[in-house]
Amino acid sequence: MGIIVPKTRDGRVLFFLPWEGMTLAGTTDSKTGITMRPQPSAEEVKFILREANRVLSRKVTKGDVRAAWSGIRPLVRDLSQEAGSTAKMSRSHVILTSESGLVTIAGGKWTTYRRMAEDTVTAVLREHPDPPEEARSRSSEIQLIGADRARVVVGQDFDQITITLRETHGFDKDTALHLTRNYGTRALQIAIIAERENLRERLWPKYPYIAAEVAFAVDAEYAMTAEDVLARRLRLAFQDRDACVSLIDRVLPIMAKRLGWNRARQREERENCIAFLQTMSTLPLPNSA
């Protein structure tokens, strides 16, 4: 269960959400230039901590912050209205269809990406129905890979996956639960990789991610860079920046074996990943970088 503070000192909304054993707190809103590597400022982190300490019984400090990140969000403004504070501008997305049939989506935000995609697909299908009777997105009705859609693996009783991972494959409870919740029936594929290639160890003691997940990310999830794995598959970069820095050299050999990287390519990949991880905190990189 999350917590929402409807009004901060400057009129914004503050929220706390449980996620992957951590707590997400946010957000701020400020103008920025265009960059591929946006990074939060120390002042923005201080603002969130300061506002959090107004409502929490336990004081939080910058030492509690394991990662901090930001993104660039396009805002849509009604040109008939006067320009003002970005905080007052709509976060809703707008879909436009030109006379030629081109569908454009503008605006939106991170937390509504799913609805944005559905509305865009629906708009495209209405403009270009194929087949004619299918004029809306059906993605809300389609289960994800690993959901045991045919009910032939465990009849969608995913507790059986967790039990199998623990009793047959010998994983601890945290790891078994993590694999089941994040991969569904595909967790069994990861268990096979772990045993076949001796990749069952945890990448970092505090977190349930295992080395076989790196291999699976390359084999089955199209991961092509260490940044892909740490941020977009395992999500650890959003949980603990410094832990990611320390385990890059464990991730790279697993990826290199599958992708045919030589030492020069691994060095380049390491440098690129370090540059990305620099943006996931306001603090300097640890010495291991």
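Residues numbered from 1 in each chain as written. Predicted model: local features only at pLDDT ≥ 70, side-chain atom pairs only at ≥ 80, totals over all residues. Heavy atoms only, no water.

### Let's talk about the overall build of the protein
Okay, step 1: A count of helices and strands for the protein gives nine helices and five strands.
Okay, step 2: Ordering the α and β elements of the protein from the N terminus gives β-β-β-α-β-β-α-α-α-α-α-α-α-α.
Okay, step 3: Taken along its principal axes, the extent of the C-alpha atoms in the protein is 65 × 55 × 45 Å.
Okay, step 4: For the protein, restricting intrachain contacts to residue pairs at least 6 apart in sequence, the fraction spanning at least 24 positions comes to 50%.
Okay, step 5: Of the roughly 17,700 Å² of accessible surface on the protein, 52% is carried by carbon and sulfur atoms.
Okay, step 6: One way to put it: in the protein the 43 positive side-chain charges average out to a point 6 Å from where the 37 negative ones average out. (Helix = DSSP H or I, 4+ residues; strand = E, 2+ residues; numbered from the N terminus. Contact = heavy atoms within 4.5 Å. Areas by Shrake-Rupley, 256 points an atom, 1.4 Å probe, with all protein chains shown as cover. Lys, Arg positive; Asp, Glu negative; His and termini not counted. Charge placed at Lys NZ, Arg CZ, Asp CG, Glu CD.)

### Side note on the side chain of Thr120
Okay, step 1: Mapping Thr120 onto the fold places it in helix H2 (residues 113–127).
Okay, step 2: A relative accessible area of 18% places Thr120 in the buried class. (Buried < 20%, exposed > 50% of the residue type's maximum accessible area, 1.4 Å probe, protein only.)

### Structural notes on the sheet that holds strand E3 (residues 22–26)
Okay, step 1: Spatially, E1-E2-E3 is the arrangement adopted by the three strands of the open sheet, whose pairing is antiparallel. A strand with exactly one partner marks an edge of an open sheet, and here the two such strands are strand E1 (3–5) and E3. Here the strands of the sheet are splayed against their neighbours by 15 degrees on average, with no regard to which way each runs.
Okay, step 2: Inspection of the sheet shows E1 paired to strand E2 (residues 14–19) by three bridges, in the antiparallel sense. When the sheet's bridge partners are listed, Ile4 is paired in E2 with Phe15.
Okay, step 3: Most of the contacts of helix H1 (residues 42–52) go to E2, to which it runs at about 90 degrees, and overall it touches E2 and E3. (Pairing = 2+ DSSP bridges. Axes fitted to C-alpha atoms, helices over the stretch in contact; angles between N-to-C directions.)

### Looking at the pattern of salt bridges
Okay, step 1: Scanning the entire structure with this criterion turns up 20 salt bridges.
Okay, step 2: Close ionic contact of Arg232 with Asp228 constitutes a salt bridge, the shortest N to O distance being 2.7 Å. Within this pair, Arg232 and its partner Asp228 are both found in helix H7 (residues 226–233), separated by four residues, close to a single helical turn.
Okay, step 3: For Arg232, a relative accessible area of 41% translates into the label partly exposed. (Salt bridge = Lys/Arg side-chain N within 4 Å of Asp/Glu carboxyl O.)

### Observations regarding the pairing of strand E5 (residues 103–107)
Okay, step 1: As judged from the five bridges shared by strand E4 (residues 93–97) and E5, these two strands associate in the antiparallel manner. The residue of E5 that forms the bridge with Thr97 is Val103.
Okay, step 2: Two successive antiparallel strands, E4 and E5, enclose a turn made up of five residues, where Gly101 displays a positive phi of approximately 100 degrees.

### Quick notes on the state of the cysteines
Okay, step 1: For the structure shown, the criterion picks out zero disulfides.
Okay, step 2: Of the cysteine sulfurs around Cys244, a residue in no disulfide, the closest is that of Cys273, at 7.2 Å.
Okay, step 3: A relative accessible area of 0% places Cys244 in the buried class.
Okay, step 4: Judged by relative accessible area, which is 1%, Cys273 ranks as buried. (Disulfide = S-S within 2.5 Å.)

### Regarding a nonpolar patch on the surface
Okay, step 1: Judged by side-chain polarity, Ile3, Val55 and Leu56 come together as a nonpolar surface patch covering roughly 230 Å² of accessible area.
Okay, step 2: By the secondary structure assignment, Val55 is in the loop between H1 and E4.
Okay, step 3: Look at Val55 and you get partly exposed, because its relative accessible area is 45%. (Patch = residues over 30% accessible without salt bridge, like charges linked within 9 Å, V, L, I, M, F, W, Y side chains within 5 Å.)

### Brief notes about the nonpolar core
Okay, step 1: In terms of nonpolar packing, the biggest core is built from 50 residues, with Leu165, Val229, Met255 and Leu277 touching the most fellow members.
Okay, step 2: Only helix H3 (159–167), helix H4 (173–183), helix H5 (187–196), helix H6 (211–220), H7, helix H8 (241–259) and helix H9 (263–278) provide two or more residues apiece to this core.
Okay, step 3: No other element matches the 10 residues that H8 contributes to this core.
Okay, step 4: Grouped together as the second largest cluster of nonpolar side chains are 10 residues, Ile48, Ala52, Val60 and Ala68 included. (Core = buried A, V, L, I, M, F, W, Y, C linked by side-chain atoms within 4.5 Å.)

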